[in-house]
Amino acid sequence: MSGYFDHIDPIKYEGAESENPLAFKYYDPKKLVMGKTMEEHLRVAVCYWHTFCWDGADVFGGGPFNRPWHARKKNDQKAAEAKLDAAFDFFDRLGQPFFCFHDVDVMANAETPKEHVKNLAKIVDKIEAKMEKHGTKLLWGTANNFSHPRYIAGASTNPNPDVAAFAALQVKECLEATHRLGGSGYVLWGGREGYDSILNTNVGQEMEQLGRFLAMVVEHKHKIGFKGDIWIEPKPHEPTKHQYDRDVGTVYGFLKQYGLEKEVGVNIEPNHATLAGNSFEHEVEMANAFGIFGSIDFNRGDPQNGWDTDQFPNDLRETTLAMYYILKGGGFVNGGSNFDAKVRRQSCDAEDLFHGHIGGMDLLARALINAAEMIETDTLQAFKDARYAGWKSGIGAEMLSGSANLEEVAAHALKGNSSPDPVSGRQEMLENYITNIVK
Ligand code: XLS
Ligand code: NI
Ligand code: NI
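Here is what the cut-offs are and how they apply
- Residues numbered from 1 in each chain as written.
- Chains lettered and ligands numbered in written order.
- Predicted model: local features only at pLDDT ≥ 70, side-chain atom pairs only at ≥ 80, totals over all residues.
- Heavy atoms only, no water.
- Donors = N, O, S within 2.8 Å, 3.2 Å for Na, K, Ca; no water.
- Buried < 20%, exposed > 50% of the residue type's maximum accessible area, 1.4 Å probe, protein only.
- Helix = DSSP H or I, 4+ residues; strand = E, 2+ residues; numbered from the N terminus.
- Contact = heavy atoms within 4.5 Å.
- Near = heavy atom within 4 Å.
- Polar contact = N/O pair within 3.5 Å; in protein donor to acceptor, adjacent residues only side chain to side chain.
- Areas by Shrake-Rupley, 256 points an atom, 1.4 Å probe, with all protein chains shown as cover.
- Nonpolar A, V, L, I, M, F, W, Y, C, P; charged D, E, K, R; others polar.
- Phe/Tyr/Trp six-rings, centres within 6.5 Å; stacked < 30°, edge-to-face > 60°.
- Lys NZ or Arg CZ within 6 Å of the ring centre and 35° of its normal.
- Tetrahedral: all angles 85-135°; square planar, octahedral: opposite > 155°, others 65-115°.
- 1 Å grid on protein atoms, 1.4 Å probe; cavity = no way out; pocket = protein on both sides within 12 Å on 5 of 7 lines; lining within 4 Å.
- Points joined across faces, edges and corners; volume = space filled by probe spheres on them.
- Pairing = 2+ DSSP bridges.
- Axes fitted to C-alpha atoms, helices over the stretch in contact; angles between N-to-C directions.
- Salt bridge = Lys/Arg side-chain N within 4 Å of Asp/Glu carboxyl O.

Participant: Even after reading the chapter, I still don't get the coordination of the nickel ion (ligand 3), so can you show me in this structure?
Facilitator: Six octahedral donors around a metal ideally subtend angles of 90 or 180 degrees, whereas four tetrahedral donors ideally subtend 109.5 degrees. Bound to the nickel ion (ligand 3) are the protein donor atoms Glu 269 (OE), His 272 (NE2) and Asp 308 (OD), situated 2.1 to 2.4 Å from the metal. Positions of the donor residues of the nickel ion (ligand 3) along the chain correspond to the pattern E-x2-H-x35-D. Separation of the nickel ion (ligand 3) from the nickel ion (ligand 2) amounts to 3.8 Å, with Glu 269 serving as a shared donor to the pair. For the pair formed by Glu 269 and His 272, the shared burial category is buried.

Participant: Just checking my understanding: could you explain the environment of Asp 247 for this structure?
Facilitator: When you line up the elements, Asp 247 lands in the loop between strand 9 (242-243) and helix 8 (248-257). Here Asp 247 falls in the buried class, since its relative accessible area comes to 14%. As a C-alpha pair, Asp 247 and His 272 span 25 residues in sequence and 8.0 Å in three-dimensional space. Sequence-distant contacts of Asp 247, defined by excluding residues within four places in its chain, comprise Pro 234, Ala 276, Asn 278 and Glu 283.

Participant: It is not clear to me how the site of ligand 1 should be interpreted in this structure. Could you clarify?
Facilitator: Every residue near ligand 1 is listed here: Trp 49, His 102, Phe 146, Trp 189, Glu 233, Lys 235, Glu 269, His 272, Asp 297, Asp 308 and Asp 340. One nitrogen or oxygen atom from the side chain of His 102 is found 2.7 Å from an oxygen atom belonging to ligand 1. When the free accessible area of ligand 1 is taken as 290 Å², the share hidden by the protein chains comes to 94%. In terms of residue class, the shell around ligand 1 is built from three nonpolar, two polar and six charged.

Participant: Honestly, the packing of aromatic side chains in this entry has me stumped. Any pointers?
Facilitator: Two numbers describe a pair of aromatic rings. These are the distance of the centres and the angle of the planes. This model, assessed by the stated rule, comprises 24 aromatic pairs. Geometrically, the ring pair formed by Phe 99 and Phe 101 is stacked, given 6.2 Å between the ring centres and 25° between the ring planes. Grouping residues by exposure puts Phe 99 and Phe 101 together as buried. Ring centres 6.5 Å apart and planes at 50° place the aromatic pair Phe 298 and Phe 339 in the tilted group. Pair noted here: Phe 298 is in strand 11 (residues 293-298) and Phe 339 is in strand 12 (residues 337-339), with a separation of 41 residues, a long-range link. For the pair Phe 298 and Phe 339, one class covers both residues: buried. Grouping aromatic residues by their ring pairs yields a cluster made of Tyr 4, Phe 5, Tyr 48, Phe 52, Trp 69, Phe 88, Phe 90, Phe 91, Phe 99, Phe 101 and Phe 354. Above the ring of Phe 98, the side-chain terminus of Lys 137 is found at 5.1 Å from the ring centroid. Cation over ring: Arg 150 sits above Phe 166, and NZ or CZ is 3.6 Å from the ring centre.

Participant: Please clarify how the coordination of the nickel ion (ligand 2) should be interpreted in this entry.
Facilitator: For the nickel ion (ligand 2), every protein donor is listed as Glu 233 (OE), Glu 269 (OE), Asp 297 (OD) and Asp 340 (OD), and the spread of their distances is 2.0 to 2.1 Å. Coordination geometry of the nickel ion (ligand 2): the six donor atoms subtend angles of 79 to 174° at the metal centre, consistent with an arrangement described as octahedral. Along the chain, the residues donating to the nickel ion (ligand 2) fall in the pattern E-x35-E-x27-D-x42-D.

Participant: I keep staring at empty space enclosed by the protein and nothing clicks. Help me out?
Facilitator: Over the atoms rolls a probe the size of a water molecule, and in doing so it shows where empty space is left. For the coordinates displayed, the defined rule picks out two cavities of 30 Å³ or more. Empty space within the largest cavity amounts to approximately 220 Å³. What lines the largest cavity is a set of 20 residues, among which Leu 188, Trp 189, Gly 190, Glu 193 and Phe 213 lie closest to the centre. Only strand 6 (185-188) and helix 7 (203-224) provide two or more residues apiece to the lining of the largest cavity. Of the residues in the lining of the largest cavity, the class split is 12 nonpolar, five polar and three charged. Quantified by volume, the second largest cavity comes out at close to 50 Å³.

Participant: How do you make sense of the sheet that holds strand 12 when you look at a structure like this?
Facilitator: Each strand in a sheet pairs with another by means of backbone hydrogen bonds, the pair being arranged parallel or else antiparallel. In spatial order, the strands read 3-4-5-6-8-10-11-12; together these eight strands close into a barrel with parallel pairing. If you compare each strand with its neighbour and ignore which way they point, the axes differ by 30° on average. As paired elements, strand 3 (residues 44-47) and strand 4 (residues 98-102) share three bridges and run parallel to each other. Counted as the bridge partner of Ala 45 is Phe 98 from strand 4. Sitting on the sheet, helix 10 (residues 280-290) touches strand 10 (264-268) and strand 11, and the angle it makes with strand 11 is about 165°. Strand contacts of helix 12 (residues 350-377): strand 3, strand 11 and strand 12, with the helix running at about 155° to strand 12, the strand carrying the most contacts.

Participant: I tried to follow the pattern of salt bridges on my own but got confused; where do I start?
Facilitator: Where charged atoms from two side chains of opposite charge come close, those side chains can pair. The tally for this structure, following the rule as stated, stands at 16 salt bridges. For Asp 89, the salt bridge goes to Arg 93, with nearest N and O atoms at 2.8 Å. Of the two residues, Asp 89 and Arg 93 both sit in helix 3 (residues 77-94), four residues apart, roughly one turn of that helix. Taking the shortest distance from any N to any O, the salt bridge between Glu 238 and Lys 235 comes out at 3.3 Å. Overall, the relative accessible area of 28% leaves Glu 238 in the partly exposed class. With relative accessibility at 2%, the residue Lys 235 sits in the buried group. Each of Asp 6, Asp 89 and Arg 93 takes part in a single network of salt bridges with overlapping partners.

Participant: I'm lost on the layout of surface pockets in this one. Help?
Facilitator: Computed from the structure, the second largest pocket encloses a volume of approximately 390 Å³. When residues of the lining of the second largest pocket are traced back to their parent elements, those giving at least two are helix 11 (316-328), helix 13 (379-387) and helix 16 (427-437). For the lining of the second largest pocket, the residue count by class is seven nonpolar, two polar and four charged.

Participant: What is the right way to read the side chain of Asn 267 from this model?
Facilitator: For Asn 267, the position within the fold is in strand 10. Note on Asn 267: relative accessible area 0%, which makes it buried. Among the polar contacts listed, one links the side chain of Asn 267 to the backbone nitrogen of Ile 296, at a separation of 3.3 Å. Discounting chain neighbours no more than four positions away, the residues touching Asn 267 are Trp 140, Val 187, Trp 231, Ile 232, Glu 233, Pro 234, Ser 295, Ile 296 and Asp 297.

This is the structure in structure tokens:
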């Protein structure tokens, strides 16, 4: 045991009346909602990187967090194992079912390709034993192909194919590790797959490279028999000026271009959605529309500054809406609710890591209950069904099925004696309905 979290008792569900800040008020894992437990619906995961790797450093100053596993200064195997002990100790106390990691989050530092393979394998053995003992499962794994200086100009989109080959090595090893650890998914976030300046970038060439890289990952998934999903995580920019996977719609076009739309889905992050000028629920609903919804990296940005602040989510209205669309799309299958979120730099105690996650899990629980209530009566669906009913028969159905051509549709319009009347979209009424649901 790490000792670092010893002063925190396991977090229990105590109900909405509880005044204990270190207890769940709404997240009751066994509570039944629409025939499934909350735990099964939400599939909550803790992310390794923000929770155990980050020491609180920002661009203006060093890390104030003082976690014991950072004290070694060198991220060697001993430090990696101390971090692993602390991570599973945290998971036991929080009681969430899943975790997520990048290869470099869990392993000792490596410089050469051979060292990379060796160090990852060493820690994966330890992770496997920990998972067996503690019962926490892997939601997804991913390779960090953006932090090391070799990736300054991207990974698969690098002008130098040897860099892309190093990235391929990392992805192959991490996909195999994810498979071995029983992960439900594998994520590719294109951290630097874009450009800082279009002046030095061959955009068409880079997208070809990215498409082929993704196809190789899918081929390998099938080769090793990985049954989980592959997800791209859209983000418009940061760290690059422009990232090719800018939002769900763009990713779908990209997948279509390379014939991968049936093989690859999306891991949506609300803070990335808002950076792209979209709402969170827009991204979920676009993914549903294209049939590529996968998983969520829950967090939020700060409306007053435009970057990926990765704060724990706390907006109940936004989360309720997103949850409604997630449930409408069938809910999580292999995906889940990963908190890609970090406590603020001044929240430097072990305890703060619990407050962040407790708040996030309680929020998801409330959003789930609200969304289930919305689905029960499904006022929105009924409204939309009535609004589009015209397309089910007559000229609407003929247009959609292709049985009427432009001339025939135009002839239908000519038969009318006047211009069609405008119909209210009832936006305020629907907004009021949401306001009254959110509680
Ligand atoms: C960064 C991304 C990253 C991915 C995993 O903005 O959210 O953390 O989730 O590489
Ligand atoms: Ni993320
Ligand atoms: Ni992010």
